[in-house]
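# Commentary on secondary and tertiary structure
Residues per chain are reported as follows:
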Amino acid sequence: MSRSDNWRRMAAQVAGQFAALPEGERVWIGTILPQIADLQQRLGALFDAAAGEQLCAACRGACCERGHNHLTLANLLICLEQGRLPVPDFRRTCPYLDETGCVLPVASRPFACVTFICDTIEERLSREQTALFYTLEKQLRALYQELAVRYQGASMTGLLLQQQRLGDGSFFSATLR
C-alpha cells in the first residue's frame, strides 16, 4: 500500500472512530480542540510579526524537510472539524509543503511546526514577544499532553507512526495510567 493510500485509510479510520465515541468524549475533545487552534493562531501571529513566512520562503522551508510524521491526532481532528482534510504529497520533503509554503492552516499545523522558530525568526521578536511565544508554547504542549494522557493515539508522535504502533486498534483507546 502506498503512503498516500495508507494516509487516506488512516484518516478514514480516525474519522470513523471519532464518530463512534460516546457523546461525552466527543464533547470533551470539542473543548480541547478550539483551545489548541487558538493557541496555534496566537503563535502564528508572532511568527508573522517576525516576517516568518518571508524568511521561510527564502530558505525554502529547510526545517520542514522532516515533516511527514508530525501531524498528530489533534491536528487531524481540527482538519476534519474544519472540513479541510489535507491531501499530503509524500514525494515532497514535507507532504504538507508546496511551492507557496505550508498548505495547512495554522490552527491545524503540527505542534512541532508551530512551536519551532529558527534563530533568525527569534531574533526578530522583541523580548516580550519571545517570552509570550514560549508561554504560549508551554500552554499548547500541556493541551497536547492532556489528549495524550487520555488517548493512546494522541501522543505528540505523528499519526502515521502511531498507526504502526496501534495497528487496527483505536486511536481513542484509553491510555494505561
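Below: a short report on this structure. In this text the structure is predicted, and so the values were computed from the model without any measurement.

### Thoughts on the overall build of the protein chain
When helices and strands are counted, the protein chain shows 8 helices and 2 strands. Each helix and strand of the protein chain, placed in order from N terminus to C terminus, yields the pattern α-α-α-α-β-β-α-α-α-α. Relative to the globule expectation of 16 Å for 177 residues, the C-alpha radius of gyration of the protein chain, 16 Å, shows essentially globular dimensions. Considered along the principal axes of its C-alpha atoms, the protein chain spans approximately 45 × 35 × 25 Å. Within the protein chain, buried positions represent 42% of all 177 residues. Across the protein chain, contacts joining residues at least 24 apart in sequence account for 75% of those joining residues at least 6 apart. Surface summary for the protein chain: the accessible area is close to 9600 Å², and the carbon and sulfur share equals 53%.

### Thoughts on the pattern of salt bridges
In a structure, side chains of opposite charge can pair up when their charged atoms sit close to one another. According to the stated counting rule, one finds 7 salt bridges in the structure shown. Of the charged contacts, one joins Arg9 and Asp168 as a salt bridge, the two residues approaching to 2.6 Å between their closest N and O atoms. Of the two residues, Arg9 is situated in helix 1 (residues 3-20) and Asp168 in the segment after helix 8 (159-166); the sequence distance between them amounts to 159 residues. Accessibility expressed as a relative area gives 36% for Arg9, which makes it partly exposed. For Asp168, a relative accessible area of 64% translates into the label exposed. Bridged by salt links that share partners, the residues Asp89, Arg91, Arg92 and Glu99 form one connected network.

### With respect to helix 7 (residues 127-150)
Here helix 7 contains 24 residues, and its C-alpha end-to-end distance of 35 Å stays within 8% of the 34 Å for a straight helix at 1.5 Å per residue. The complete set of buried residues in helix 7 reads Thr130, Phe133, Leu136, Glu137, Leu140, Leu143, Tyr144 and Leu147. The inward-facing, buried residues of helix 7 contact helix 2 (23-49), helix 4 (73-82), helix 5 (111-115) and helix 6 (119-123).

### Comments concerning the state of the cysteines
Here is the idea: a disulfide is a covalent bond, and it sits between the sulfur atoms of two cysteines. Within the structure shown, the criterion is met by 0 disulfides. Free cysteine Cys113: the closest other cysteine sulfur is in Cys94, separated by 6.0 Å. Assessed through its relative accessible area of 36%, Cys113 is described here as partly exposed.

### Topic: the nonpolar core
Counting residues in hydrophobic clusters, the biggest one holds 48 residues, and the most contacted among them are Trp7, Ile29, Ile36, Leu147 and Phe172. Looking at this core, the elements that each hand over two or more residues are helix 1, helix 2, helix 4, helix 5, helix 7 and helix 8. Here this core takes 10 residues from helix 2, the largest share from any one element. Once residues within four sequence positions are removed from consideration, Leu147 is found in contact with Trp28, Ile29, Ile32, Ile36, Ala74 and Ala154.

### A word on the packing of helix 2 against helix 4
The description of two helices packed together rests on the angle between their axes and the distance between the axes. Where helix 2 meets helix 4, the closest approach of the two axes is 10 Å, and the angle between their N-to-C directions is 95°. It follows that helix 2 is roughly perpendicular to helix 4 by the angle criterion. Only Ala74, Asn75, Leu77, Ile78 and Glu81 of helix 4 make contact with helix 2, whose side of the interface consists of Ile29, Leu33, Ile36, Ala37 and Gln40. Residue composition of the contact of helix 2 with helix 4, by class: 7 nonpolar, 2 polar and 1 charged.

Definitions and cut-offs
- Residues numbered from 1 in each chain as written.
- Predicted model: local features only at pLDDT ≥ 70, side-chain atom pairs only at ≥ 80, totals over all residues.
- Heavy atoms only, no water.
- Helix = DSSP H or I, 4+ residues; strand = E, 2+ residues; numbered from the N terminus.
- Rg over C-alpha atoms; globule rule 2.2 N^0.38 Å.
- Buried < 20%, exposed > 50% of the residue type's maximum accessible area, 1.4 Å probe, protein only.
- Contact = heavy atoms within 4.5 Å.
- Areas by Shrake-Rupley, 256 points an atom, 1.4 Å probe, with all protein chains shown as cover.
- Salt bridge = Lys/Arg side-chain N within 4 Å of Asp/Glu carboxyl O.
- Expected span 1.5 Å × (residues − 1).
- Disulfide = S-S within 2.5 Å.
- Core = buried A, V, L, I, M, F, W, Y, C linked by side-chain atoms within 4.5 Å.
- Axes fitted to C-alpha atoms, helices over the stretch in contact; angles between N-to-C directions.
- Parallel < 35°, antiparallel > 145°, perpendicular 65-115°, else oblique.
- Nonpolar A, V, L, I, M, F, W, Y, C, P; charged D, E, K, R; others polar.

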